[in-house]
Amino acid sequence: MNRRAFFKLSWGALGVAAICSAVAVSLAAVVRFLMPSVFYEPPQSFKIGEPGDFPFGPPTFLVEEKIFVFRDRDKGFSAASAVCTHLGCTVAHFQSDQRFHCPCHGSIFAADGTVQHGPAPRALDWFEVTLARDGKLLIDKDKVVPPSYRLMV
Amino acid sequence: MERKLQQIFFALSLIALTLILAAAWQANTPSWKTYQKNFLQLEAQGEPNAVTKAAVLATPPQIHQVMLTGLQRVDRCTTCHLGVEDPTMKNAPEPFRYHAGLGPHIPSRFGCTICHGGQGLATDKDNAHGKVEFWQSPLLSQEYIRASCGRCHKEGDVPDVPELAEGRRLFETQGCRGCHKLNGVGGSIGPDLTEEGANHRSPEWLERHFLAPNAVSAGSAMPNFHFTRDQARDLTYYMLSLTNEEMGSYFSSMRSIPGPAYGRQLFIEKNCIACHAVGGVGAKIGPDLLGVTKRHSMEWLDEQLVNPELVYPGSSMPEYDLETNARKAIVAFLSAATPDDLRLIQSGKPRAQSVEEVAIEAGKQDFARFGCVGCHGTELQGGVANPNAQGGEVPSLLHVSDDYTKDEVIAIIRNGRVPPMDNAAGPPPPLYMPSWKHVLSDEDINRIADYLWSKQQQKKDSW
Amino acid sequence: MNLIREIWQSIVRRDPLSTDKGKSELVFLNVWLHIHPAKVKKENLRFKHTFYLGFITFFLFLILLTTGIALMCYYRPYPPQAYQDMKDLQFVVFMGPFLRNMHRWAAHGMVVCVFLHMCRVFYTGSYKKPRQFNWVIGVLLLLLTLGLSFTGYLLPWDQLAYWAITVGTNIGSYAPLIGGQVREILLGGHSVGEGALLRFYVLHVAVLPSLIILLTIVHFWRVRKDGGLSQPVWKLKPQETESLVTIGAPTAVEALHVAPASTDKTYGLMEVVTGKPIFETVTPEEEEDTVFSYPYAFVREAVVLMATVTTIMMMSLFLNAPLEELANPAKTPNPAKAPWYFLGLQELVSHSALLGGVVAPALMVIALIAIPYLDRNPSRRPGDRKWMLWLFTFFVVVNLALIVVGTFFRGPGWALVPPWVHVAGGAE
């Protein structure tokens, strides 16, 4: 094609590209606008107190965060989710058999969270427990760890 | 013409695209992201090896907020003030520095604006510090921050803030209530001060006003009380603490936060000095308690008082049957206890009154605090109308010892009582004595009974 | 390849745009575009005929719809959360300030442009027969626009919003007999509170937009049925009038000049049956003055759309919508001012509540609506309408002057304070 036709085509293409980009960027901006930057919910990562606050033996149940905090004399801290993997009911932990029982549909989880009985499809999650810089225990629900994970303090 | 129009259209599209990109870029580069990046670099320096360094530096930028739903506050200060709970950041430059001396008042639980003021919802420096038009509570200057303690700690002595108690005392003794209402009691000549702290007046204005009312409020009828600078400061602190937010009840149970004075009394009562010392003064059987609240959390200390064996197996500390408020009071006392306090206790010259007087005073406080005066009167005179009750009104308690034993009165307070009706066929009386056993502890009820007994008039004799 | 062509042709069922038939079909086979005629008069497309104000107003409305719906994802109409949500939009929502600004400036722009559009229609006499009722609909649209702006004004729940609406609803309550009742229904109470916020929100996002859309449809439809835009003023010949109007069949037929049949033009059945649009004769000469809507009309509309959007975006990048302190019923700012478009009214009210707040605006609205019916002069030429033009200009200037006085010359206590002496609180 000759030069004139080439430039005509280029400008046209540039124009069309501009419109398409403007539309695409607008759409992307709207989508990003709709994604919240802050959540009015309890945070996923939170401090639960000093290690000394937690007794050995039966786990401490944190009501709002729905977490069991275990403290093993030899091995240290671990934190298990108290939310049943079936439909979300809160499980109970019994000292007598060291297992988690869900009242809703009868699921039973072993001491390490694996499913032993009932309709639950997955094991209970264990969350990362670390020590924050001010010496408090920090649980991060975004970080799932294997059941053998312990924090030795 | 048409060709030109097409070109104009495309050119405008380019401009529109540029503008959207500019807006998106602006939205994507807020100042807090820069602060967070700088903080991560600072943090990474403290990391031992390259892997953890990289992990820290890779943390995605995020707005941090503390939600205090009961107070309808949201504080986003920790988005930039990232080191505020991190003791290793003691020497970091602001805004990353560690905030020492907070005790239980950590930002993740209390937010920041309750004490400091400012605009918690904002995420850039000027707006967050509240130094903008249309935000009326900017950051309090260093001199006045401690006044904020009084917004929750409304009674008794507040550790480290003697100005509050002194300001309150001045208010009550200098006749301020003659012209100003406070909590519904007082005159109507001046403005109601119940929520003066929420009126967004600058502390400097308040102080100047106390020193020379007419110079600050032209034409004011308020006389010049010739306060000293310190007195004006104390009164200003007190005013600043008068906010309408129910922060006390948000952070603790319905009972008000007990003061250290009561804790001191318990310390004596339970004879803690038999095993413990503060700063070397006392016994050496148990650990020294100087600064114990800085070493341990409130929860830990509380548990220690409930069940010492659980925390230190084999401990010889007895299990005291104390309830929540008593334990809080002891811990409050320990947070400010000095060796001198213990010397005074040792020498048997307590600053407070005798055990009985303290109990009666505590009973009187409870009687007022829990609203008994609403029906039974500030002087126990009764008299509030209660139609179709026998006697037609709430009874006076000044002669209750004539008709009941102390144990019977205690039982009535615990279990409540419906007044007998005058006319059985008529409507039931609207007022009745509620049951308090689930609200008040046995000790509280006993102290109220002590207070009542101390007020009994010897009617029999005067017949 | 064939499959792709088959899919494409199942969606786009017209002839290619290179053909006249295709250009026509693009218009009348497309549900979004078929309000346009397939061909428009060239002269009607010129900028100086309408300044495209109608389209600008409409595009501003589209901007308001889209930005408004986006903002609805973050805004709760309950005090005091409403204010907190405004702060959230400002500080933690991606492009929150930008979208809010766009909404605010488009709103003010729409009030201005709807007013300018009304002036243009008046000055070109385009309300005259047969377009009288469309003018009335236009006045209703003006009132709905003001209503949308007013209801939206309250939503940020800051001092500016709260007191502006307090003043505005109080002005309205001066209407005789029903004023007080209407105010109570609007507010859901005796004063501006959470009931008012919720009701204003419902009005702002549901009721008034529905009404304005419905009336806009009628407004556009009637323009089309009137034969499109009125003839530009410079094309009007003396002694000749636009209206060769007869409603009804017999004489209309005589007035019709059917365009010479063309081999590459096809009209839908409806066109053949009724002939050309019945209120407008199209002579063969005029026929040559028409062009296809695609691309001539559409490219201009596209440019107007882009220019409007770009202007609003520019404003939104650099000018921030105001947000004052949280609404405080106990603290009235001094002075408390209504939104700027009601400041002229507030100025009148400050002199006399009944006359200024009720009689004057009622008369103005009635006068506006009555214009097409009171105007017995069939000519649209400016030379023949001097009185009307001066009268209208006078009222426009008086209104603007009142607004200027109310905005810049009224200080605390509504005292007259020139702006160079005291920084008057300009309402946004």
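This one's a predicted model, so the numbers in the text were calculated from it and none came from an experiment.

Basis of the calculations
- Residues numbered from 1 in each chain as written.
- Chains lettered and ligands numbered in written order.
- Predicted model: local features only at pLDDT ≥ 70, side-chain atom pairs only at ≥ 80, totals over all residues.
- Heavy atoms only, no water.
- Helix = DSSP H or I, 4+ residues; strand = E, 2+ residues; numbered from the N terminus.
- Buried < 20%, exposed > 50% of the residue type's maximum accessible area, 1.4 Å probe, protein only.
- Contact = heavy atoms within 4.5 Å.
- Areas by Shrake-Rupley, 256 points an atom, 1.4 Å probe, with all protein chains shown as cover.
- Phe/Tyr/Trp six-rings, centres within 6.5 Å; stacked < 30°, edge-to-face > 60°.
- Buried area = accessible area lost by both parts, 1.4 Å probe.
- Polar contact = N/O pair within 3.5 Å; in protein donor to acceptor, adjacent residues only side chain to side chain.
- Nonpolar A, V, L, I, M, F, W, Y, C, P; charged D, E, K, R; others polar.
- Axes fitted to C-alpha atoms, helices over the stretch in contact; angles between N-to-C directions.
- Parallel < 35°, antiparallel > 145°, perpendicular 65-115°, else oblique.
- Left-handed = near helix turned anticlockwise from the far one by under 90°.
- Core = buried A, V, L, I, M, F, W, Y, C linked by side-chain atoms within 4.5 Å.
- pLDDT = per-residue confidence, 0-100.
- Disulfide = S-S within 2.5 Å.
- Pairing = 2+ DSSP bridges.
- Salt bridge = Lys/Arg side-chain N within 4 Å of Asp/Glu carboxyl O.
- Arc of directions from axis to C-beta.

> What should I look at first to understand the overall build of chain C in this one?
Counting its regular elements, chain C contains 17 helices and 2 strands. Among the 428 residues that make up chain C, the fraction classed as buried is 47%. In chain C, the proportion of contacts linking residues at least 24 apart, taken out of those at least 6 apart, comes to 77%. In the form shown here, chain C has an accessible surface area of approximately 22,100 Å², with 69% of it arising from carbon and sulfur atoms.

> Explain the packing of aromatic side chains to me, please; I cannot follow it from the model alone.
The description of an aromatic ring pair uses the distance of the two centres, along with the angle that the planes make with each other. Residue and element names in this part refer to chain B. Throughout the structure, instances matching the rule amount to 34 aromatic pairs over all chains. Pairing F39 with F96 gives two aromatic rings, centres 5.2 Å apart and planes at 50°, and the pair type is tilted. One end of the pair, F39, is in helix α2 (residues 31–45); the other, F96, is in the loop between β2 (73–75) and α4 (107–110), with 57 residues separating them in the sequence. Relative accessible area serves as the criterion here: at 5%, F39 is assigned to the buried category.

> Whenever I open this one, the interface of chain A and chain C confuses me. Can you help?
Interface size is commonly expressed as the accessible area that is lost once the parts come together. Every contact between the two is made by 9 residues of chain A and, on the other side, 13 residues of chain C. Of the roughly 910 Å² buried where chain A meets chain C, counting both sides, 71% is carbon and sulfur surface. In terms of surface lost to chain C, no three residues of chain A exceed R32, F33 and Y40 of chain A, which account for 57% of the buried area on that side. Counting the contacts that link chain A with chain C gives 4 residue pairs in polar contact (both at pLDDT 80 or more). In the side of chain A that touches chain C, the residues fall into 7 nonpolar, 1 polar and 1 charged.

> Would you mind showing me how to read the packing of helix α21 (residues 406–415) of chain B against helix α22 (residues 442–454) of chain B here?
Each pair of packed helices can be described by the angle between their axes along with the distance between the axes. Residue and element names in this part refer to chain B. At a closest axis distance of 10 Å, the pairing of α21 and α22 adopts a crossing angle of 130°. In terms of orientation, α21 and α22 fall into the oblique class. Relative to α22, the crossing made by α21 is right-handed. Touching K406, V409, I410, I413 and R414 of α21 are D442, I445, N446, I448, A449, D450, L452 and W453, all from α22. When its residues are assigned to classes, the contact of α21 with α22 shows 8 nonpolar, 1 polar and 4 charged.

> What is the right way to read the nonpolar core from this model?
Here is a general trend for soluble globular proteins: nonpolar side chains tend to be buried in one another's company. Counting residues in hydrophobic clusters, the biggest one holds 46 residues, and the most contacted among them are F33 of chain A together with L154, W157, I165 and V192 of chain C. Secondary structure elements with two or more residues in this core: α4 (53–72), α5 (81–91), α6 (96–123), α7 (132–154), α8 (159–172), α10 (194–225) and α15 (340–351) of chain C. It is α8 of chain C that provides the largest number of residues to this core, a total of 7 residues. Within the second largest apolar cluster, 31 residues are counted, among which are L60, L64, A107 and M313 of chain C.

> Whenever I open this one, the side chain of R120 of chain C confuses me. Can you help?
Residues and elements named next belong to chain C. Residue placement: R120 occurs in helix α6. A polar contact is formed between the side chain of R120 and the side chain of T124, at a distance of 2.9 Å. In this view, R120 contacts H49, T50, F51, L53, S126 and S230; residues no more than four positions away in its chain are not counted.

> What exactly am I supposed to notice about the confidence of the model for chain C here?
All names here are of chain C. Chain-level pLDDT for chain C is 86 on average; 87% of the residues reach the 70-or-more range. The model gives residues 424–428 a pLDDT under 50, and that stretch makes 19 contacts with residues more than four places away or in other chains. Here the complex is predicted with pTM 0.72, and the ipTM for its interfaces comes to 0.80.

> Looking at this structure, I do not really get the state of the cysteines. What am I missing?
Note on terminology: disulfide describes a covalent bond linking the sulfur atoms of two cysteines. All names here are of chain A. Evaluated as defined, the whole model comprises 1 disulfide over all chains. In this model C89 forms its disulfide with C104; the gap between the sulfur atoms is 2.0 Å. Linking C89 and C104, the disulfide has an S-S dihedral of approximately -95° and is accordingly described as left-handed. With C89 in the loop between β4 (76–81) and β5 (92–94) and C104 in the loop between β6 (99–101) and β7 (108–109), this pair connects stretches of sequence that are 15 residues apart. Classification of C89 by relative accessible area gives partly exposed; the value is 22%. Taking relative accessible area as the criterion, C104 reaches 37% and is therefore assigned partly exposed. In this structure C84 is a free cysteine whose sulfur lies 3.7 Å from that of C102, the closest cysteine sulfur available.

> Would you mind showing me how to read the sheet that holds strand β3 (residues 67–72) of chain A here?
Two modes of strand pairing occur in sheets, parallel and antiparallel, and in both the strands are linked by backbone hydrogen bonds. All names here are of chain A. Spatial ordering of the open sheet is given by β1-β10-β9-β4-β3-β2, a layout of 6 strands whose pairing is antiparallel. In this open sheet, the two edge strands, each paired with only one partner strand, are β1 (45–49) and β2 (60–62). Here the strands of the sheet are splayed against their neighbours by 30° on average, with no regard to which way each runs. Direction of pairing for β2 relative to β3: antiparallel, over a ladder of 3 bridges. Counterpart to T60 in the pairing with β3 is V69.

> When you look at the pairing of strand β10 (residues 137–145) of chain A in this model, what are you seeing that I'm missing?
Within a regular strand, side chains alternate between the sheet's two faces. All names here are of chain A. In the sheet, β1 pairs with β10 via 4 bridges, with the strands oriented antiparallel. Bridge assignment links K47 to a residue of β10, and that residue is L138. Here 6 bridges tie strand β9 (residues 126–131) to β10, and the two strands are oriented antiparallel to one another. What sits directly across from W126, in β10, is V145. Here β9 hands over to β10 after 5 residues, with G135 in that stretch at a positive phi of 90°.

> How do you make sense of the sheet that holds strand β8 (residues 115–117) of chain A when you look at a structure like this?
Residues and elements named next belong to chain A. Here we have 4 strands laid out as an open sheet, ordered β5-β6-β7-β8, and antiparallel in their pairing. This sheet does not close on itself; its edge strands, each paired only once, are β5 and β8. One ladder, built from 3 bridges, connects β5 with β6; its direction is antiparallel. Looking at β6, one finds that F94 is bridged to R99.

> What's the story with the interface of chain B and chain C in this structure? I'm lost.
With 31 residues of chain B at the interface, the matching set in chain C holds 26 residues. When chain B packs against chain C, close to 2,500 Å² is buried across both sides, 72% of that on carbon and sulfur atoms. When the buried area of chain B at its contact with chain C is split by residue, E2, L19 and F134 of chain B rank highest and sum to 23% of it. Our count for the contact surface shared by chain B and chain C stands at 2 salt bridges.

> Explain the pairing of β4 of chain A here, please?
Residues and elements named next belong to chain A. Burial runs high along β4: 6 of the 6 residues are buried. Pairing of β3 with β4, which is carried by 6 bridges, proceeds in the antiparallel orientation. The residue of β4 that forms the bridge with F70 is S78. In textbook terms, the turn of a hairpin is the stretch between consecutive antiparallel strands, and for β3 and β4 this stretch comprises 3 residues.

> Just checking my understanding: could you explain the pattern of salt bridges for this structure?
When the charged atoms of two side chains lie near each other, side chains of opposite charge can form a pair. Summed over the entire model, instances satisfying the criterion amount to 30 salt bridges over all chains. As a salt-bridge pair, R343 of chain B and D340 of chain B come within 2.6 Å of each other at their nearest N and O atoms. Residue R343 of chain B and its partner D340 of chain B are both found in helix α17 (residues 339–346); the two are separated by 3 residues, about one turn of the helix. Looking at R343 of chain B, the relative accessible area reads 44%, which means it is partly exposed. Each of the salt bridges in this network shares a partner with another, and the network as a whole consists of R133 of chain A together with E43, E47 and D86 of chain B.

> Looking at this structure, I do not really get the packing of α6 of chain C against α7 of chain C. What am I missing?
All names here are of chain C. Put simply, α6 and α7 touch, their axes get as near as 10 Å, and they point 160° apart. Between α6 and α7, the angle is such that the two are roughly antiparallel. When you trace α6 past α7, the crossing you get is left-handed. In this structure, α6 uses R104, M110, V111, V114, M118, V121 and F122 to contact α7, whose residues at the interface are W135, L142, T145, L146, S149 and Y153. In the contact of α6 with α7, the residues fall into 10 nonpolar, 2 polar and 1 charged.

> Quick question: what am I supposed to make of helix α9 (residues 179–187) of chain C here?
Working note: α-helix, 3.6 residues per turn, so residues spaced by three or four point in the same direction. Residue and element names in this part refer to chain C. Among the residues of α9, those classed as buried are G179, R183 and L187. All buried residues of α9 lie within an arc of 55° about the axis, which places them on one face of the element. Across from the buried face of α9, at angles greater than 90 degrees, the exposed residues are Q181 and I185. For α9, the secondary structure elements touched by its buried residues are α8 and α10. Two residues or fewer after α9 comes G188, characterised by a positive phi angle close to 60°.

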